[in-house]
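What the coordinates show
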Amino acid sequence: MRIGVGTTIMSRGFRTSGIDGIGQYSNNLLIEYDFRNINYIQTNFSENFFNKNYKSKKNISLGKYGVLASKFNIETSEIKQYKNEIDLFHALDYFIPTFKNCPTLATVMDTIPLTHPQWVTNSLLNFVKTKIWRSAIEKVDHVVTISNFSKEEIIKNTNIHESKVSVIPLGVSDRFFKNSNKLSELIKILPMLPRQFFLAVGTIQPRKNFENLISAHQLLPKDYKENYPLVLVGRYGWGCEDLMKALRSNEYKNVIWLEYVQDNILSPLISSCSALVVPSLYEGFGLPVLEGFASKIPVISSNTTSLPEVGSKYSIQIDSTDAYELSSAMRNVVDHRASYNKIIDDAYLYAKDYSWSNTAKKTLSLYKKII
């Protein structure tokens, strides 16, 4: 079985400011494929650059016009040669070609461009991209998504039949389970890091709801804010320019923005926090919830979209649009930390069911059915 995998977004992330959720998914899946000696070709439709530190069986660039050419049934010599080398193509991001006589799968993590266009960068180019993306996912042989919530959204907002959509959940990296609290070492690397803190992780964009999280933290009594600052981890994305300027100018007292941190920093950072807060308005899966469970810390999470599906039994579910309710949950974790020990232990065991090994096994099994 020879698999072409689309990794444009992952490659771009390695080249620039770090990989995001799609990049993490792509990277972890391919690590599992390497472990299983799967014959795959890492395929890039935008950049001619590949991170030389990334180990891959083979790297190919079909160029930034490769996707468009396939849409119009134009088969360049490069595309013809490429098709001869694969039995199936899996688009791991939103660069989805339309190859003739070649089974194609696409991973669709969420339908935000269709259901919440206000949360996507507002431009004519993105409007056109969304149209092309929707057309592409409706033409592929099969769609992979990451939660039952996302499957329902895909069926509701496209012409894709439910029989062509498979749910394969994401995995939690082993480092979150194995990580021990290394706060003293972290403080050497991040001297601004307090010894007790609330933590939120994610790209700064409207749906992450960080503005309301900051408002909730500001509602805490003075001694709580001072003793338990709020730490935000995630680079700036879009749509929150005022928030970005306020964070960069240290306008908010007791709020620390670390921007992007490496994976080897993120796992001990999560295990060191007093509670992980996931206040998102929309998530296709919500992997940080499971990472918090694996790190054995309390998790406060929104009660919307996929988040109840992923962790409702073990997270503190709140209406994150209500700053007072969110603030109350944060204070309650501080006041009654010992009462969460049992649920934290149960959540840790629950998170073990989610592994990248299982994600890879289920994906490879689907390939065999499609071929």
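Residues numbered from 1 in each chain as written. Predicted model: local features only at pLDDT ≥ 70, side-chain atom pairs only at ≥ 80, totals over all residues. Heavy atoms only, no water.

Our next topic: the overall build of the chain. Within the chain one finds 18 helices and 13 strands. Computed over the C-alpha atoms, the radius of gyration of the chain is 21 Å, within 12% of the 21 Å expected from 2.2 N^0.38 for a compact globule of 371 residues. Principal axes of the C-alpha set define a box for the chain whose edges measure 65 × 40 × 40 Å. For the chain, with 371 residues in total, the buried portion stands at 54%. Counting contacts in the chain only where the partners sit at least 6 residues apart, residues at least 24 apart contribute 67% of the total. In the structure as shown, the chain presents an accessible area of about 17000 Å², 49% of it carried by carbon and sulfur atoms. With 43 positive and 35 negative side-chain charges, the chain shows a separation of 6 Å between the mean positions of the two kinds. (Helix = DSSP H or I, 4+ residues; strand = E, 2+ residues; numbered from the N terminus. Rg over C-alpha atoms; globule rule 2.2 N^0.38 Å. Buried < 20%, exposed > 50% of the residue type's maximum accessible area, 1.4 Å probe, protein only. Contact = heavy atoms within 4.5 Å. Areas by Shrake-Rupley, 256 points an atom, 1.4 Å probe, with all protein chains shown as cover. Lys, Arg positive; Asp, Glu negative; His and termini not counted. Charge placed at Lys NZ, Arg CZ, Asp CG, Glu CD.)

What follows deals with the environment of Leu 88. Along the polypeptide, Leu 88 turns up in strand 4 (residues 88-91). Among residues more than four places away in sequence, those in contact with Leu 88 are Arg 2, Ile 3, Gly 4, Cys 102, Pro 103, Leu 105, Tyr 367, Ile 370 and Ile 371.

Per-residue confidence for the chain gives a mean pLDDT of 89; residues scoring 70 or more make up 92%. Under a pLDDT of 50 for its full length, residues 51-55 has, in the predicted model, nine contacts with residues more than four places off or in other chains. (pLDDT = per-residue confidence, 0-100.)

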